[in-house]
Amino acid sequence: GEDVEQSLFLSVREGDSSVINCTYTDSSSTYLYWYKQEPGAGLQLLTYIFSNMDMKQDQRLTVLLNKKDKHLSLRIADTQTGDSAIYFCAERAGNMLTFGGGTRLMVKP
Amino acid sequence: DGGITQSPKYLFRKEGQNVTLSCEQNLNHDAMYWYRQDPGQGLRLIYYSQIVNDFQKGDIAEGYSVSREKKESFPLTVTSAQKNPTAFYLCASSVQGNGNQPQHFGDGTRLSIL
């Protein structure tokens, strides 16, 4: 079955880069997504990557995909205190998304 | 503005009571979803609907019911059979098809037991 895993917690200093990692198991995944959740709010779509791509850059965000190892990462450059949130990766197979458990990013001033 | 509206933001349930959470979207999306999120955990799928008048159980459907009488609306009822209903409930919607169709989320409803 599908399984998406993330580390629980990441702490960085303001101005540093953050790298959030995700592994998945479903080789039929077509798209992979990164969502951000601030306290008490819903999930906000940050970015996505198609499964035949290796990398996608969108301003401060860089998504890397290693399809062979089924490993996805999100790099946030120049991390700000406003980036503190929970980050979820999700894989899409068919019409359904499977979410990881989320990584809580804490940014220290 | 287009989006997904969930109401109420906070809801309290008494023992033995059914409660209904509202989800409305004006994005003209065919598919709608309900997820449950427990503290410090990811999202678990309760029910989903890919078209009006049709819906399917997700991973944790027991103790919940839904209806999809209109494209815009997908209400979730938490029944008295759900013994541990305290959680954050998220509604989402998406278009259908083979291309890139991310799910778009509402702001959630937090349900607590009185």
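Residues numbered from 1 in each chain as written. Chains lettered and ligands numbered in written order. Predicted model: local features only at pLDDT ≥ 70, side-chain atom pairs only at ≥ 80, totals over all residues. Heavy atoms only, no water.

## Looking at the overall build of chain A
Right, on to step 1. If you tally the helices and strands in chain A, you get zero helices and eleven strands.
Right, on to step 2. Along chain A, from the amino end to the carboxyl end, the secondary structure elements read β-β-β-β-β-β-β-β-β-β-β.
Right, on to step 3. For 109 residues, the compact-globule formula gives about 13 Å, and the C-alpha radius of gyration of chain A, at 13 Å, lands near that figure.
Right, on to step 4. When the backbone C-alpha atoms are referred to their principal axes, chain A occupies close to 40 × 30 × 20 Å.
Right, on to step 5. Within chain A, contacts between residues separated by at least 24 positions form 54% of all contacts whose residues are at least 6 apart in sequence.
Right, on to step 6. Of the roughly 5300 Å² of accessible surface on chain A, 49% is carried by carbon and sulfur atoms.
Right, on to step 7. A distance of 2 Å separates the average location of the 11 positive side-chain charges in chain A from that of its 13 negative side-chain charges. (Helix = DSSP H or I, 4+ residues; strand = E, 2+ residues; numbered from the N terminus. Rg over C-alpha atoms; globule rule 2.2 N^0.38 Å. Contact = heavy atoms within 4.5 Å. Areas by Shrake-Rupley, 256 points an atom, 1.4 Å probe, with all protein chains shown as cover. Lys, Arg positive; Asp, Glu negative; His and termini not counted. Charge placed at Lys NZ, Arg CZ, Asp CG, Glu CD.)

## Topic: unusual backbone geometry
Right, on to step 1. The peptide bond linking S7 of chain B to P8 of chain B adopts the cis configuration, its omega dihedral lying at -10 degrees.
Right, on to step 2. For P8 of chain B, the position within the fold is in the loop between strand 1 (4-7) and strand 2 (10-13).

## Overview of the state of the cysteines
All names here are of chain A.
Right, on to step 1. Tallied over the entire structure, the rule returns two disulfides over all chains.
Right, on to step 2. The disulfide bridge from C22 ends at C89, spanning 1.9 Å between sulfur atoms. The chirality of the disulfide connecting C22 with C89 is right-handed, given an S-S dihedral of about 70 degrees. Placement of the pair is C22 in strand 3 (residues 18-24) and C89 in strand 9 (residues 85-93), with a sequence separation of 67 residues. Residues C22 and C89 agree in their burial class; the two are buried. (Disulfide = S-S within 2.5 Å. Buried < 20%, exposed > 50% of the residue type's maximum accessible area, 1.4 Å probe, protein only.)

## Examining the interface of chain A and chain B
Right, on to step 1. Contacts between chain A and chain B engage 18 residues on the former and 25 residues on the latter.
Right, on to step 2. Each partner contributes to the roughly 1600 Å² buried at the junction of chain A and chain B, and carbon and sulfur atoms together form 52% of this total.
Right, on to step 3. Contact with chain B buries area across many residues of chain A, yet N95, M96 and F99 of chain A alone supply 29% of it, more than any other trio.
Right, on to step 4. Connecting chain A to chain B are zero salt bridges.
Right, on to step 5. Our enumeration of links across chain A and chain B arrives at four residue pairs in polar contact (both at pLDDT 80 or more).
Right, on to step 6. For the side of chain A that touches chain B, the elements supplying multiple residues, two or more each, are strand 4 (31-37), strand 5 (43-50), strand 9 and strand 10 (96-99) of chain A.
Right, on to step 7. With four residues, strand 4 of chain A is the largest single contributor of residues to the side of chain A that touches chain B. (Buried area = accessible area lost by both parts, 1.4 Å probe. Salt bridge = Lys/Arg side-chain N within 4 Å of Asp/Glu carboxyl O. Polar contact = N/O pair within 3.5 Å; in protein donor to acceptor, adjacent residues only side chain to side chain.)

These values are about where atoms sit, not about what they do.
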